[in-house]
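# Coordinate inspection notes
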Amino acid sequence: MKKIIKNGAAVLGLFAGGILLGTSTTAAHAALTPSSTQPSANMVDVSSWQSNLTAANYQTLAQNGVKAVTIKASEGTGYTNPYLLQQVQYAQQAGLSVNFYHFVHFTTVAQAQAEAQQFINSVKSVTSSTNVVMVADFESSELAGVSKAQNDANLAAFDSTLNQAGYNKTDLYTMASWLGVHIDTNTTNQGWIADYPANPTGNKYPNANAWQWASDYRFPSITQNLDVSQMNNNYYLNSGTIDTSDNGANGSSSSSSSSASSASSASSSSTPSSNSKKKGSIVIVPGPSAGKQYSATRSASVKLIWRTSMGRHYYTTTKGARYSKHLGTRYGYNADLPNVTWVTDAHEKLYKKNTGKYAIYYHVKSTVGNHGGWIWRGYLK
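Residues numbered from 1 in each chain as written. Predicted model: local features only at pLDDT ≥ 70, side-chain atom pairs only at ≥ 80, totals over all residues. Heavy atoms only, no water.

An unreviewed UniProt entry lists the chain under the name Lysozyme, with Lentilactobacillus kefiri given as the organism. The record held by UniProt for the chain lists under Sequence similarities (unreviewed entry) the comment "Belongs to the glycosyl hydrolase 25 family." (UniProt positions renumbered as here; feature names shortened; annotations may be inferred.)

The following block contains the structure:
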């Protein structure tokens, strides 16, 4: 996970984030592959910082002993990793066990419950499985100003919300220097501990689920430093028992998108294969299908007045439909995706010749980027 504390100043990771900070002042300089004295490098964690990793890179990880990947799903109450779907797909295509983490900022029980819901919504947008490890990434600077007793209570509320949603495998990621000072592990959160010695050997935390021992590890042919951890048990393995009655919270495969992520098209199929019923698989929300509805009459009935970019605003809707920018192609009805949060990035003004009226449409994407289009702003709330 990426460092958020540099030169003594806290840097908020809201749109980048990542699990971060070990306790050693000297960073480890790992070899390309483990030596006989180094700990195992059998788990890697990624966030949007690692969005450049390709499907082939994930295959390389698997070929070099990586068995699990833990992916940043969310942060706070308003951020979902925009590369989440792609990273899940690449990891599962490489045969890796997939788990998720949430970068926490909560300082009260109510905030912890709200952040847990953000975590749940983000994970549900890419998988219906609840048999995954859901990790609280506990390292943000404001947490050090809260008493250990309050932090423990907040984490308990966070986990309880996850449990109520069916996620019963939780864990706590934090640096070794915070253990027993700002936060405690327990029987349900045995811990994923970050500590980066200059010369890592053996296993410093045998009672924890995992030890993150380097943040600058290089695998063969991958020209990027990665965080690596040694798993002490099978807790992070064999995740992903599938509820085949659902394709995730973003809705059915019949809906299409003008802004579907490249990850969707990279999948070997637009619908879950028979292999997705196996333990260890993740149900992926399908990418665009061939079912787009085009109407030349609809496209010819509008005239563009202006179109420009706009800031990020968050909406929901079950009314209307999503269209291409001239309304000629209908991608899908919004009622098919009732649980999706839409994020704006552009807007346009159209003159509707058939009614003689003007209308403003917002261009939106789902928070994971696998659905999108232009929606009349009157339908957004």
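## Things to note about the packing of helix H1 (residues 55-63) against helix H2 (residues 84-93)
Interaxial distance between H1 and H2 falls to 8 Å at its minimum, and their mutual angle equals 45 degrees. It follows from the interaxial angle that H1 and H2 lie oblique. Judged by the sense of rotation from one axis to the other, the crossing of H1 with H2 is right-handed. Contacts between H1 and H2 pair Ala-55, Tyr-58 and Gln-59 from the former with Gln-87, Tyr-90, Ala-91 and Gln-93 from the latter. Class assignment for the residues of the contact of H1 with H2 results in four nonpolar, three polar and no charged. (Axes fitted to C-alpha atoms, helices over the stretch in contact; angles between N-to-C directions. Helix = DSSP H or I, 4+ residues; strand = E, 2+ residues; numbered from the N terminus. Parallel < 35°, antiparallel > 145°, perpendicular 65-115°, else oblique. Left-handed = near helix turned anticlockwise from the far one by under 90°. Contact = heavy atoms within 4.5 Å. Nonpolar A, V, L, I, M, F, W, Y, C, P; charged D, E, K, R; others polar.)

## Quick word on helix H3 (residues 109-124)
Taking 1.5 Å per residue, 16 residues should reach 22 Å; H3 reaches 22 Å between its end C-alpha atoms and fits that length. Along H3, the residues that are buried comprise Ala-112, Glu-115, Ala-116, Gln-118, Phe-119, Ile-120, Ser-122 and Val-123. Looking at the packing, one finds that the buried side of H3 touches strand E4 (68-75), strand E5 (79-80), H2, strand E6 (97-103), strand E7 (134-137) and helix H4 (148-164). (Expected span 1.5 Å × (residues − 1). Buried < 20%, exposed > 50% of the residue type's maximum accessible area, 1.4 Å probe, protein only.)

## Side note on the nonpolar core
Counting 53 residues, the largest nonpolar core has Tyr-58, Phe-100, Phe-158 and Phe-219 as the members making the most contacts within it. Counting residues in each nonpolar core, the second largest holds 14 residues, with Ala-68, Trp-192, Tyr-196 and Ala-210 among its members. (Core = buried A, V, L, I, M, F, W, Y, C linked by side-chain atoms within 4.5 Å.)

## Some details on the pairing of E4
With eight of eight residues buried, E4 is to be regarded as a mostly interior element. What joins strand E3 (residues 43-46) to E4 is H1, and the crossover it makes is right-handed. Pairing geometry for E4 and E6, over seven bridges, is parallel. Counterpart to Lys-72 in the pairing with E6 is Tyr-101. Turn length for the E4-E5 hairpin, with the two strands adjacent in sequence and antiparallel, is three residues, and the turn residue Gly-76 shows positive phi of about 55 degrees. (Right-handed = clockwise from strand over helix to strand, strands pointing away. Pairing = 2+ DSSP bridges.)

## Observations concerning the packing of H3 against H4
Packing of H3 against H4 brings their axes to within 8 Å, and their N-to-C directions diverge by 35 degrees. For the element pair H3 and H4, the recorded crossing hand is right-handed. Contacts between H3 and H4 involve Val-109, Ala-112, Gln-113, Glu-115, Ala-116, Gln-117, Phe-119 and Ile-120 from the first element and Gln-150, Ala-153, Asn-154, Ala-157, Phe-158, Thr-161 and Leu-162 from the second. Its residues assigned to classes, the contact of H3 with H4 comprises nine nonpolar, five polar and one charged.

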